[in-house]
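# Examining the three-dimensional arrangement
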Amino acid sequence: MSAPPPPIPDDSAPAVAFEARIDAGETIEPKDWMPERYRHQLVRMMSQHAHSEIVGMLPEGNWITRAPSLRRKLCLLAKVQDEAGHGLYIYCATETLGVARAELIDQLLSGKAKYSSIFNYPTLTWADIGCIGWFVDGAAIVNQTVLAKASYGPYARAMVRICKEENFHKRQGYEIVATLASGTPAQRAMVQDAVNRWWWPTLMMFGPSDVNSPNSADLLRWRVKRFSNDELRQRFVDLTVAQAQAVKLTLPDPKLRYNTESKHWEFGEIDWAEFKQVISGNGPCNRERLGARRAAHAEGAWAAAAFAEKQRRRSAAPAA
């Protein structure tokens, strides 16, 4: 997407009224007046979120046929279907801002739009599916429960249903992890390996420290976000350490320790150079993920064309 318009002081009556509504905690609806920069930041953030839900189907989708039991297969299939629905909800909410879904999808397929860095890592074993549910969906819950109180109404309302479904996804993932952790030595080694590979990329999911984030100031000011990237990341770590201890798995951070004064778990330095490489298109699976989306888009073009023709005929038909 193009860069947002620069922040320009605006003391016009609509701008002053808008800021007053934000300060009062009111919800902004599609037909309400809003600054162009607010609209632009919402389109950027919401479309990135929608893209992430759709691309996020791919790492797990290739394990549907390889799940170890019929129950696991059905659960994973339902989860991947949920993610498709989440993408649909958020695309629909983004369209209320006056942008066409086709434009958003074109930005994804062309590589102009971003999606969550976490989905550019490979799922090597069944234990990875457990870690995605436990870590990735757990991180999403921490982030999205706050977004359910975002200042923009359509986005906040979409998050309410999404968060309910994400809670089931996390429970499913943690169950897989707990089962493997209490299994054979080979199963335990497999799940520990998955934990080692997914822990740090999951912490990167929350984005760079807000000092280095070009968008956080706007999002916090307008109450699209209620907490900083660092605050959300810290909450995730605090929640997850106890869960790892419960299944006797080790989080791969020798600097992880509990601070009795702050009541938080302190953790080591994140490799932000790796994060920048991944979001720049040079992660382990970036090309594979976009290639899969482009292929699916091309293969489904006939269905989109047929639907458009059906809509055209329906609108052209005389009223009964």
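All right, on to the environment of Gly98 then. Take Gly98: it is sitting in the loop between helix H4 (70–95) and helix H5 (101–110). Overall, Gly98 belongs to the exposed group, its relative accessible area being 69%. Note: C-alpha distance between Gly98 and Val43 (55 residues apart in sequence) is 9.2 Å.

Tracing the chain through its elements places Gln172 in helix H7 (residues 153–181). A residue is classified by how much of its surface remains accessible, and Gln172, at 12% relative accessible area, is buried. Among residues more than four places away in sequence, those in contact with Gln172 are Cys75, Leu76 and Lys79.

Moving on: the environment of Leu180. If you trace the backbone, Leu180 turns up in helix H7. What makes Leu180 buried here is its relative accessible area of 7%. For the pair Leu180 and Met190, spaced 10 residues apart in sequence, the C-alpha separation works out to 7.9 Å. If we skip the residues at most four places from it in the chain, Leu180 touches Trp126, Ala127, Gln187, Arg188, Met190 and Val191.

Before going further, it helps to spend a moment on the pattern of salt bridges. For side chains of opposite charge, pairing can occur when their charged atoms come near one another. Counted under the stated rule, the structure contains 19 salt bridges. Taking the shortest distance from any N to any O, the salt bridge between Arg157 and Glu29 comes out at 2.9 Å. One end of the pair, Arg157, is in helix H7; the other, Glu29, is in the loop between helix H1 (13–23) and helix H2 (36–55), and 128 residues separate them in sequence. Since its relative accessible area comes to 48%, Arg157 is described here as partly exposed. The closest approach of N and O atoms between Glu95 and Arg101, which form a salt bridge, is 3.0 Å. Its relative accessible area of 24% is what places Arg101 among the partly exposed residues. Shared partners join several salt bridges into a network, and the residues in it are Arg21, Glu26 and Asp32.

In helix packing, the relevant descriptors are the interaxial angle and the interaxial distance, both defined with respect to the helix axes. For the pair H5 and helix H12 (residues 286–299), interaxial distance at closest approach is 9 Å and the crossing angle is 135°. The angle between H5 and H12 falls in the class oblique. Only Leu290, Arg293, Arg294 and His297 of H12 make contact with H5, whose side of the interface consists of Ile105, Leu108, Leu109 and Ser110. The residue inventory of the contact of H5 with H12, partitioned by class, reads 4 nonpolar, 2 polar and 2 charged.

Among the secondary structure elements, Lys79 is positioned in helix H4. Excluding residues that lie within four positions of it along the chain, Lys79 makes contacts with Glu60, Ile132, Gly133, Asp137, His169 and Gln172.

About the thresholds
Residues numbered from 1 in each chain as written. Predicted model: local features only at pLDDT ≥ 70, side-chain atom pairs only at ≥ 80, totals over all residues. Heavy atoms only, no water. Helix = DSSP H or I, 4+ residues; strand = E, 2+ residues; numbered from the N terminus. Buried < 20%, exposed > 50% of the residue type's maximum accessible area, 1.4 Å probe, protein only. Contact = heavy atoms within 4.5 Å. Salt bridge = Lys/Arg side-chain N within 4 Å of Asp/Glu carboxyl O. Axes fitted to C-alpha atoms, helices over the stretch in contact; angles between N-to-C directions. Parallel < 35°, antiparallel > 145°, perpendicular 65-115°, else oblique. Nonpolar A, V, L, I, M, F, W, Y, C, P; charged D, E, K, R; others polar.

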